[in-house]
Amino acid sequence: MLNIAIFGSGSGSNYQAIAEAIEAGTLDARIACVLSDVEDAFILERARRLGHPAIHLDCAPFKTKLDGEAEARAIELIREHDGDFVALAGFMRIVKPGLLNAFAGRIINIHPSLLPNFPGLEAGKQALEAGVAETGCTVHFVDAGIDTGAVIIQRKVSVLPGDTEETLMNRIHEQEHLAYPEALRKIASGEI
Ligand code: GAR
């Protein structure tokens, strides 16, 4: 069984989708803990409501990466909670080699585009500006690059006439909530 440590910085809707799949019995996994670099992020509130350990991880002095003492603390917290797998769910920091090596091949991420298209920030806006007819979401293994690791699963979303960043991202989120549990199911079942 996967013992998943979730990392997030925002709303946590993907975390909730994973938790609901576990609760529904369609994903054989356990949420070990939920860590956020943002103290008042809604993901921590969701975790408290769902009864999972909800922990603020102070990542200072760094602004865009998880490194140094905070990285060491994260590894310690995952182990304390018997976590053996990491799912990044809207975690807006770059993960460095300390964590990557501690959980080698066992860290995955979700990104709101069909990678390798539109990596990095504001993937929905990037898709609209590029004028593509189709975008989507990707669940992938995390490596040392930004949104570059091996793809596990992708789901497509059409860009509709009149789409704003908000309407497009809302439809991408719906697909993300299916894709993340599906990717974890493949790993939990040993398919990949
Ligand atoms: C998701 O759309 C996820 O793909 C994105 O943040 C959102 C988090 O939503 N992640 C990235 O952009 C990472 N580069 P959530 O907090 O509601 O799960």
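Just so we're clear, the structure is a prediction, and the values are computed from it rather than from any experiment. (Residues numbered from 1 in each chain as written. Predicted model: local features only at pLDDT ≥ 70, side-chain atom pairs only at ≥ 80, totals over all residues. Heavy atoms only, no water.)

A. Layout of the pairing of strand β1 (residues 2-8). Here β1 lies mainly inside the structure; seven of its seven residues are buried. On β1, burial covers both faces: Leu2, Ile4, Ile6 and Gly8 on one face and Asn3, Ala5 and Phe7 on the other are all buried. Bridge count between β1 and strand β2 (residues 29-36): seven bridges; the pairing is parallel. Looking across to β2, one finds that phenylalanine 7 is bridged to leucine 35. As paired elements, β1 and strand β5 (residues 85-88) share four bridges and run parallel to each other. Bridged to alanine 5 within β5 is valine 86. (Buried < 20%, exposed > 50% of the residue type's maximum accessible area, 1.4 Å probe, protein only. Helix = DSSP H or I, 4+ residues; strand = E, 2+ residues; numbered from the N terminus. Pairing = 2+ DSSP bridges.)

B. Up close: the nonpolar core. With 37 residues, the main nonpolar core has Ile4, Ile6, Ile108, Val139, Tyr180 and Leu184 as its most contacted residues. Top contributing element to this core by residue count: helix α6 (residues 165-188), with eight residues. The contacts of tyrosine 180, once residues within four sequence positions are left out, are Asn14, Ile18, Ala87, Leu88, Ala89, Ile108, Asn109, Ile110 and Val139. By size, the runner-up hydrophobic cluster in this structure holds 23 residues, among which are Leu66, Ile78, Phe91 and Phe103. (Core = buried A, V, L, I, M, F, W, Y, C linked by side-chain atoms within 4.5 Å. Contact = heavy atoms within 4.5 Å.)

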